[in-house]
Amino acid sequence: MFVTFEGVDWSGKSTQAVLLAEWLRGAGRTVVATREPGGTTVAEGVRDLVLHGAHMAPWAEAALYAAARADHAAQVIRPALGRGDDVVCDRYLDSSVAYQGIARGLGEQRVRDLSLIVTEGLLPDRTFLVLLDPEEALRRATGDHDRIEREGAEFMGKVDAGYRALAAAEPNRIVAVDGARAAETIAEEIREHVRALL
Ligand code: TYD
């Protein structure tokens, strides 16, 4: 089973990814928990460049996320699924569609196609979209902000609207959950969905 988590920065999606991976392990399953951008040596290098590097052209950013994803899908995700492991990934292709395709305005379809080309069509079985009002998400923001997080409220609003549109377009794969509730309440709702897949 390949499950991904999506949401705006500070939505709480990473907490949910960790909780689901722990629960699956507790149920006796072998889980590869990973994240994007990252998950391989090359992809972690790309992460550093794209999050902490200098200003770059929007398509350079999209291509770097795609390069990281290509390596991660080929070297980590596909082999894990091939062994019969579960993969829980914090962010995947929908992040590129929402951030680069929609919020940056590069085009939803073109960015999605790029990701599908470089991953040879690898899509998650389920994607949990943790919804949180971008204003509330920004209130939760702590620490130093990376290059994307520094974009601010208007950009985050576009990302949020983009995600909601993606969930509406693909209701069978993308499950939207209300991220304004307690983490454990959200985790239980996610487990309900996952139980049906096991
Ligand atoms: P994330 O790992 O959620 O950040 P953090 O380590 O701060 O929790 O994601 C890093 C940033 O990269 C986030 O702002 C979203 C952005 N991103 C994209 O713009 N496109 C992508 O394809 C991916 C995977 C992430």
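The structure under discussion appears in the preceding block.
Residues numbered from 1 in each chain as written. Predicted model: local features only at pLDDT ≥ 70, side-chain atom pairs only at ≥ 80, totals over all residues. Heavy atoms only, no water.

A. Focus on the packing of helix α1 (residues 13-26) against helix α8 (residues 183-195). For the pair α1 and α8, interaxial distance at closest approach is 10 Å and the crossing angle is 55°. It follows that α1 is oblique to α8 by the angle criterion. The handedness of the crossing between α1 and α8 comes out as right-handed. Along the contact surface, α1 presents T15, Q16, L19, L20, W23 and L24, while α8 presents A183, I186, A187, I190, R191, V194 and R195. (Axes fitted to C-alpha atoms, helices over the stretch in contact; angles between N-to-C directions. Helix = DSSP H or I, 4+ residues; strand = E, 2+ residues; numbered from the N terminus. Parallel < 35°, antiparallel > 145°, perpendicular 65-115°, else oblique. Left-handed = near helix turned anticlockwise from the far one by under 90°. Contact = heavy atoms within 4.5 Å.)

B. View of the packing of helix α2 (residues 41-52) against helix α3 (residues 58-83). Viewed as axis vectors pointing N to C, α2 and α3 meet at an angle of 160°, and their least axial separation amounts to 8 Å. Relative to α3, α2 is oriented roughly antiparallel. Crossing handedness for the pair α2 and α3: left-handed. Contacts from V42, A43, V46, L49, V50 and L51 of α2 reach α3 at E61, L64, Y65, A68 and D71. Counted by class, the contact of α2 with α3 contains nine nonpolar, no polar and two charged residues. (Nonpolar A, V, L, I, M, F, W, Y, C, P; charged D, E, K, R; others polar.)

C. Quick look at the nonpolar core. Counting 22 residues, the largest nonpolar core has Y99, V159 and Y163 as the members making the most contacts within it. Those elements giving two or more residues to this core turn out to be α2, α4 (93-103), β4 (126-131) and α7 (153-169). Not counting residues up to four positions away in its chain, the partners in contact with Y163 are E6, G7, V8, R91, D94, S95, A98, Y99 and L129. Core analysis: the second largest hydrophobic core is formed by 16 residues, L24, V31, I186 and I190 among them. (Core = buried A, V, L, I, M, F, W, Y, C linked by side-chain atoms within 4.5 Å. Buried < 20%, exposed > 50% of the residue type's maximum accessible area, 1.4 Å probe, protein only.)

D. Just the site of the ligand, in detail. Around the ligand, a shell composed of 16 residues is seen, among which D9, R47, R91, S96 and Q100 lie nearest. The contact in question runs from an oxygen atom of the ligand to an N or O atom on the side chain of D9, over 2.7 Å. Within the side chain of K13, one N or O atom sits 3.0 Å away from an oxygen atom of the ligand. Summarising the interface, the protein chains cover 86% of the accessible area of the ligand, which totals 550 Å² for the free molecule. Counting residues per element, the ones that place at least two in the shell around the ligand are α2, α3 and α4. If one sorts the elements of the shell around the ligand by residue count, α4 sits on top with four residues. Counted by class, the shell around the ligand contains five nonpolar, three polar and eight charged residues. (Near = heavy atom within 4 Å. Polar contact = N/O pair within 3.5 Å; in protein donor to acceptor, adjacent residues only side chain to side chain. Areas by Shrake-Rupley, 256 points an atom, 1.4 Å probe, with all protein chains shown as cover.)

E. Region of interest: the pairing of strand β1 (residues 2-6). The element β1 is extensively covered by neighbouring structure, given that five of its five residues are classed as buried. By the alternation rule, side chains of β1 split into F2, T4 and E6 and V3 and F5, which are all buried. Bridge analysis of β1 against β4 gives four bridges, and the strand direction is parallel. Across the sheet, the residue bridging to F5 is F128, located in β4. (Pairing = 2+ DSSP bridges.)

F. Local environment of the pattern of salt bridges. If you walk through the whole model with that rule in mind, you get 21 salt bridges. Of the charged contacts in the structure, one is a salt bridge between R191 and E184, with a shortest N-O distance of 2.6 Å. A single network of salt bridges, built from pairs that share partners, joins E184, E188, R191, E192 and R195. (Salt bridge = Lys/Arg side-chain N within 4 Å of Asp/Glu carboxyl O.)

G. Structural detail: the sheet that holds β1. Strand order in the open sheet formed by five strands is β2-β3-β1-β4-β5, with parallel pairing between adjacent strands. Single-partner strands in this sheet number two, and they are β2 (31-35) and β5 (174-178). Here the average twist between neighbouring strands, direction ignored, is 20°. Bridge analysis of β4 against β5 gives five bridges, and the strand direction is parallel. When the bridges of β5 are listed, L131 appears paired with D178. Along the sheet, α3 makes contact with β1, β2 and β3 (86-90), crossing β2 at roughly 160°.

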